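Summary of the model geometry
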Amino acid sequence: MLAVLSPGQGSQKPGFLTPWLDLTGTEARLREWSALAGVDLMHLGTAADADEIKDTARTQPLLVAAALLAAEHLPLDGVTLTAGHSVGELGAAALAGVLTAEAAITLAGVRGREMAAACALEPTGMAAMLGGDPDEVLAAIEAHGLYPANRNGAGQIVAAGALDGLDKLAAEPSARTRVIRLQVAGAFHTPYMAPAETALAAVAAGITPADPARTLLSNLDGTAVDNGPEMVRRLVRQVTAPVRWDLCMRTLADLGVTGVIELPPAGTLAGLVKRDLKGEGAPEIVTLNTPDDLPAARDLIARIGGRS
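Structural notes, computed from the coordinates. All values derive from a computational prediction rather than experimental measurement. (Residues numbered from 1 in each chain as written. Predicted model: local features only at pLDDT ≥ 70, side-chain atom pairs only at ≥ 80, totals over all residues. Heavy atoms only, no water.)

**Description of the packing of helix α11 (residues 245-254) against helix α12 (residues 268-276)**
Heads up, the rule is: Under this scheme, a helix contributes an axis fitted over its contacting stretch, all axes are lines through C-alpha atoms, and angles between N-to-C directions fall in the 0 to 180 degree range. Every helix listed is a DSSP run of H or I at least four residues long, and every strand listed is a run of E at least two residues long, numbered separately from the N terminus. Between 65 and 115 degrees an angle is taken as roughly perpendicular, under 35 as roughly parallel, over 145 as roughly antiparallel, and anywhere else as oblique. When the near helix sits turned anticlockwise from the far one by under a right angle, the crossing is termed left-handed; a clockwise turn instead gives a right-handed crossing. We call two residues in contact when some of their heavy atoms are within 4.5 Å. Side-chain classes are defined by residue name, with Ala, Val, Leu, Ile, Met, Phe, Trp, Tyr, Cys and Pro counting as nonpolar, Asp, Glu, Lys and Arg as charged, and the others, Gly among them, as polar.
Contact geometry for α11 and α12: axes closest at 11 Å, N-to-C directions at 60°. Taken as axis vectors, α11 and α12 run oblique relative to one another. Relative to α12, the crossing made by α11 is right-handed. Residue-level contacts link Trp-245, Met-249 and Leu-252 of α11 to Leu-269, Leu-272, Val-273 and Asp-276 of α12. By residue class, the composition of the contact of α11 with α12 is six nonpolar, no polar and one charged.

Laid out in structure tokens, this is it:
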């Protein structure tokens, strides 16, 4: 069984879409999607610097566009499963057939703008907790009035909330835990994002989703969702709910996934899968970052795609 994964915010790099401009139709597609997203995807993916593309309002539609752009050059009939991390779920939902590409880009634009606006309401942030006992890490996060926004597996839990709480957590971490402050605008996937969830729900209500044509995992609990409207509800809810990527990876293992392709900008999710699903039966992984990586991705699909 082969899975295609769509990465989330923080994976972007300046100029990462530039190599894709050599493929016919790329510029036209980016200009079309820019109108839907309300940002210049061509500029952001090629000429913008690191500061410009870490802006939540710009980053989120850029990442969804990048994933969908690359996926257009893959034989997806051989792909059994899709999943995405955070905003990457919109790309995964489109690849599964729940959303059109246009709907996914539109929702990513709204999601990014509204989450950026919610971040501006009060000073909040996020910090990665690496190592330690998971129960002790979660207890420390709660003790400082924070939220476990991402549970990424591979010994990584992300805390989010008020800046003073993050400062105290960094000063008093749980045993054998390293704290790394993340360069993000605010506390994503926490109740601080409630205004953004409300705004996204209003736009999502106007979209008519389809049921997924392939297995589609949800960040809420790692389960496969087979109903389109239910998936859209989960996509909206996920703005304030924790990302349970650890449970998504557990499902990959339980389903016997033997091949993984991460869409651009690739590397983050592939690294988590490699660290979490190791040993006998570990999946073969292809990171798709430029068109030069397409032959390897197509070969993996040809060899193991469609197997269950």
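Having seen it, we continue.
**Some thoughts on the pairing of strand β5 (residues 156-162)**
Selection rule: For each residue, the accessible area found with a 1.4 Å probe, counting protein chains only, is set against the maximum for its type, and the residue is called buried under 20%, exposed over 50%, and partly exposed in between. Paired strands, as defined in this entry, are two strands with at least two bridges between them according to DSSP.
For β5, the buried fraction is high: five of the seven residues fall into the buried class. Pairing of strand β3 (residues 124-131) with β5, which is carried by seven bridges, proceeds in the antiparallel orientation. By the bridge assignment, Met-129 is partnered in β5 with Ile-157. In terms of strand pairing, strand β4 (residues 147-153) meets β5 through five bridges, oriented antiparallel. Note that in β5 the partner of Tyr-147 across the bridge is Ala-160. Once β4 ends, the chain turns through two residues before running back antiparallel as β5, passing Ala-154 with a positive phi of about 50°.

Read these as layout, nothing more, since geometry by itself doesn't imply function.
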